[in-house]
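Next come the chains, spelled out residue by residue.
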Amino acid sequence: MEGKNKEKGKSVWQEVDKRVLIPGGICLLLVVLAGAVFPAQFEKGLSACVEWIMAHFKWLYIVCVCAITIVCFWLIFSKYGNIRLGGKKAKPSFSLFTWCTLSLTGTIAVGICFYGVSGPVNAFMNPPEFLHVAPGSPEAVIPSLKYCFLHYGIPPYFLMVFFAMILALVYYNGKRDLRGSSTLFPLIGDKSKTWIGNIANILMVVCLIVCGTNMGLAVIQLNAGIGTVAGMAETPSFEVVLIVIYTVATVIFATSGAHKLMGRLSNVNAVCYAVILIFVLFTTSVNDTFNLLFTALGEFVRDFIPMISFGDPIYQTGWQNSNSMFYYAWNLVPALMQALFYVSIAYGRTLRQFLLVNCLLPCTVVFTWYAAFGGNAMLGILNGSDLFAQMQQFGDGIATFAFLDTLPLGQIMKWVFIIVAMMTFITFSDSVAYSFPMLLMKKTSTDISLTKIPKALNAAVAIFMGVLTMVLLFVGGYDALNQVIVALGFPAVIFTLIVLIAGVKFILHRDKYDATYIEEMEEAARTTKIE
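On a predicted model such as this, the values are computed, not experimentally measured, just so you know.

1. Let's talk about the environment of Trp319
Here is step 1: Within the fold, Trp319 resides in helix α16 (residues 319-322).
Here is step 2: For Trp319, a relative accessible area of 14% gives the class buried.
Here is step 3: Every residue in contact with Trp319, bar those within four places of it in the chain, is listed here: Asn126, Pro128, Phe130, Tyr147, His151, Asp312 and Ser324.

See the structure below:
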């Protein structure tokens, strides 16, 4: 595992692990081609598959969410949270601020930019029957925010980072390969290196389709935003130009590495988020915003266990399937792909720090953002705003821009938001293009962020994401691949539950699986013997 990964004279093809690349790449391409060539049929088949899964295994999603949430809180508050990734002597190669901004901006993109206004407003105007509140009524405001906290905050961030945490543990401390299959070692031993374990690696490769759908959302939103900001009655398609800009920028930043341009862009992006949030707070009502935030947060904490364990067994409205279960799948599937990025910037941190920075920090930002943007947007609708009518006419991509238009200096802030949104989606895509090739490398450094990945691999992943987005938006299959992600949620749930068992076993039996812990104990024994 250790050592430099790039030796002189070696080609890129010689440096990659073909056992992961070839089968994973074939499966990925087959899924994309099926969605692009036969979009209607593929989507219909997947919809039937998802309906069957929800009819028989919704309970498994609930078990997964509850179990991961319990384990994460256990690690935060127990002595096991002190376990340091890489061992006691491991030193982080990123400052705390840069680590926080890389984590925050590399994963928060769609949750804040696209759904920050549209998510609460749609929930507000279309509340589920079991809440017993009228659409668009004052009584629907707090429940809408509460469910947005559930769908975009906790437990989604626990679902997003849990697999990454266990992968980091078995890689840095267990000194296993940087493969999804390595997380199974505590359960099946060396069989994790056979075809059984390789299924996990292939699943991680297929999850790359998430980038196409996320970048698609980014392009749709920015295209709508540019048209409204420019005051165009009919927005021309800037989508091709936007995809090209995204792809080129992703290549540039990803090939520079997390210690260079990527880290700087994340720092700037985080500061810009803070500026926009402060602007919204002071141009609306700070008092109203924080009253909304703390009221919704209080009810969220009070109802947290009933909410995450709720399966809608009585009314069976179907709302739970297309909302909570949908978002759980939309976090579990990207988690398998995004894990490599979380692992690459976590060396030298404790498990407690890992969870606080990667889960509770972004949740704090998300909760505040949704109260400021979504909460005030709902209050605006109660006071006569036509924001929801604009969303119905022009699509959800217009929501944030329509909201900003209601504020003082809104025209200026819409341009600022376009720039910040572009940076945000670039920080997401460059984090993938930077880290995903690590899964394919035969050798990686002890601190993965110091691994010298061939720039051709970073560029190839970035270009693939750009081409995939282009195909989905212009050839067809965007909706079909959205359904693929939901369908992939089922194997992702099963795999994640297995990893959870393996991870807990690793933590409780460090004397057997944690190589760094074993070395520390042996060193302590030698020191005691000498004395």
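2. Quick word on helix α10 (residues 195-206)
Side chains three or four residues apart in an α-helix point the same way, a direct result of the helix having 3.6 residues per turn.
Here is step 1: If you check α10, its first and last C-alpha atoms are 16 Å apart, about what 12 residues at 1.5 Å a residue would give, namely 16 Å.
Here is step 2: Counting buried residues along α10, 9 of its 12 residues qualify, which places the element largely inside the surrounding structure.
Here is step 3: Buried within α10 we find Gly197, Asn198, Ala200, Asn201, Ile202, Leu203, Met204, Val205 and Val206.

3. Let's talk about the pattern of salt bridges
Here is step 1: For the structure on display, the rule yields 11 salt bridges.
Here is step 2: In this structure, Asp303 engages Arg302 in a salt bridge whose closest nitrogen and oxygen atoms are separated by 2.9 Å.
Here is step 3: Note on Asp303: relative accessible area 16%, which makes it buried.
Here is step 4: A residue is classified by how much of its surface remains accessible, and Arg302, at 58% relative accessible area, is exposed.
Here is step 5: As a salt-bridge pair, Asp514 and Arg510 come within 3.0 Å of each other at their nearest N and O atoms.
Here is step 6: Take Asp514: its relative accessible area is 0%, and that puts it in the buried class.
Here is step 7: A relative accessible area of 17% places Arg510 in the buried class.

4. Section: the packing of aromatic side chains
Here is step 1: For the coordinates displayed, the defined rule picks out 33 aromatic pairs.
Here is step 2: Between the aromatic rings of Phe149 and Phe300, the centroid separation amounts to 6.0 Å while the plane-to-plane angle is 90°, which identifies the pairing as edge-to-face. With a gap of 151 residues between them, Phe149 in helix α7 (residues 141-152) and Phe300 in helix α14 (residues 286-302) connect regions that are remote in the sequence.
Here is step 3: Take Phe149: its relative accessible area is 0%, and that puts it in the buried class.
Here is step 4: An aromatic cluster is present here, built from Tyr115, Tyr152, Phe326, Tyr327, Trp330 and Tyr370 joined pairwise through their rings.
Here is step 5: Just above the ring of Phe185 sits the side chain of Arg176; from NZ or CZ to the centre is 3.7 Å.

5. Notes on the environment of Cys211
Here is step 1: Among the secondary structure elements, Cys211 is positioned in helix α11 (residues 209-229).
Here is step 2: The exposure class assigned to Cys211 is buried, which follows from its relative accessible area of 0%.
Here is step 3: Distance in space between the C-alpha atoms of Cys211 and Gly466 is 8.8 Å, their sequence separation being 255 residues.

6. So, the nonpolar core
Here is step 1: Among the nonpolar cores identified, the biggest contains 192 residues, and Val121, Tyr246, Met337, Phe373, Leu387, Phe403 and Phe436 are the most heavily contacted of them.
Here is step 2: Sequence-distant contacts of Phe436, defined by excluding residues within four places in its chain, comprise Met204, Val205, Leu208, Met337, Leu340 and Val461.

7. What to know about the packing of helix α2 (residues 18-37) against α10
Here is step 1: It is at 8 Å that the axes of α2 and α10 come closest, and there the two elements cross at 45°. In terms of their interaxial angle, α2 and α10 are classed as oblique. The two elements α2 and α10 meet at a crossing, and its hand is right-handed. Seen from α2, the contacting residues are Arg19, Val20, Pro23, Gly24, Gly25, Cys27, Leu28 and Val31; seen from α10, they are Asn198, Asn201, Ile202, Val205 and Val206.
Here is step 2: A per-class count over the contact of α2 with α10 returns 8 nonpolar, 4 polar and 1 charged.

8. Notes on the layout of surface pockets
Here is step 1: Its volume calculated, the second largest pocket comes out at about 380 Å³.
Here is step 2: Taken together, 17 residues form the lining of the second largest pocket, with Thr255, Ser256, Gly257, Thr451 and Lys452 sitting closest to its centre.
Here is step 3: Contributions of two or more residues to the lining of the second largest pocket are made by α12 (239-256) and α22 (455-474).
Here is step 4: Ranked by residue count, the leading element in the lining of the second largest pocket is α12, at 3 residues.
Here is step 5: Residue classes in the lining of the second largest pocket are distributed as 6 nonpolar, 7 polar and 4 charged.

9. What to know about the side chain of Ser429
Here is step 1: Mapped onto the secondary structure, Ser429 falls in helix α21 (residues 410-435).
Here is step 2: A distance of 2.7 Å separates polar atoms of two side chains, one belonging to Ser429 and the other to Thr250.
Here is step 3: Dropping the residues within four chain positions of it, Ser429 is found in contact with Met215, Thr250 and Met465.

10. A look at the state of the cysteines
Here is step 1: Evaluated as defined, the whole model comprises 0 disulfides.
Here is step 2: Cysteine Cys72 is unpaired, with the sulfur of Cys359 as its nearest cysteine sulfur at 5.7 Å.
Here is step 3: Take Cys72: its relative accessible area is 0%, and that puts it in the buried class.

11. Focus on empty space enclosed by the protein
Here is step 1: For the structure shown, the criterion picks out 2 cavities of 30 Å³ or more.
Here is step 2: Quantified by volume, the largest cavity comes out at close to 40 Å³.
Here is step 3: Every residue along the wall of the largest cavity is listed here: Ala123, Pro127, Pro128, Leu131, Ala140, Pro143, Ser144, Tyr147 and Trp319.
Here is step 4: It is α7 that provides the largest number of residues to the lining of the largest cavity, a total of 3 residues.
Here is step 5: When the residues that make up the lining of the largest cavity are grouped by side-chain class, the tally is 8 nonpolar, 1 polar and no charged.
Here is step 6: Taken as a whole, the second largest cavity holds about 30 Å³ of empty space.

Conventions used here
- Residues numbered from 1 in each chain as written.
- Predicted model: local features only at pLDDT ≥ 70, side-chain atom pairs only at ≥ 80, totals over all residues.
- Heavy atoms only, no water.
- Helix = DSSP H or I, 4+ residues; strand = E, 2+ residues; numbered from the N terminus.
- Buried < 20%, exposed > 50% of the residue type's maximum accessible area, 1.4 Å probe, protein only.
- Contact = heavy atoms within 4.5 Å.
- Expected span 1.5 Å × (residues − 1).
- Salt bridge = Lys/Arg side-chain N within 4 Å of Asp/Glu carboxyl O.
- Phe/Tyr/Trp six-rings, centres within 6.5 Å; stacked < 30°, edge-to-face > 60°.
- Lys NZ or Arg CZ within 6 Å of the ring centre and 35° of its normal.
- Core = buried A, V, L, I, M, F, W, Y, C linked by side-chain atoms within 4.5 Å.
- Axes fitted to C-alpha atoms, helices over the stretch in contact; angles between N-to-C directions.
- Parallel < 35°, antiparallel > 145°, perpendicular 65-115°, else oblique.
- Left-handed = near helix turned anticlockwise from the far one by under 90°.
- Nonpolar A, V, L, I, M, F, W, Y, C, P; charged D, E, K, R; others polar.
- 1 Å grid on protein atoms, 1.4 Å probe; cavity = no way out; pocket = protein on both sides within 12 Å on 5 of 7 lines; lining within 4 Å.
- Points joined across faces, edges and corners; volume = space filled by probe spheres on them.
- Polar contact = N/O pair within 3.5 Å; in protein donor to acceptor, adjacent residues only side chain to side chain.
- Disulfide = S-S within 2.5 Å.

Don't take any of this as a statement about function, it's just geometry.
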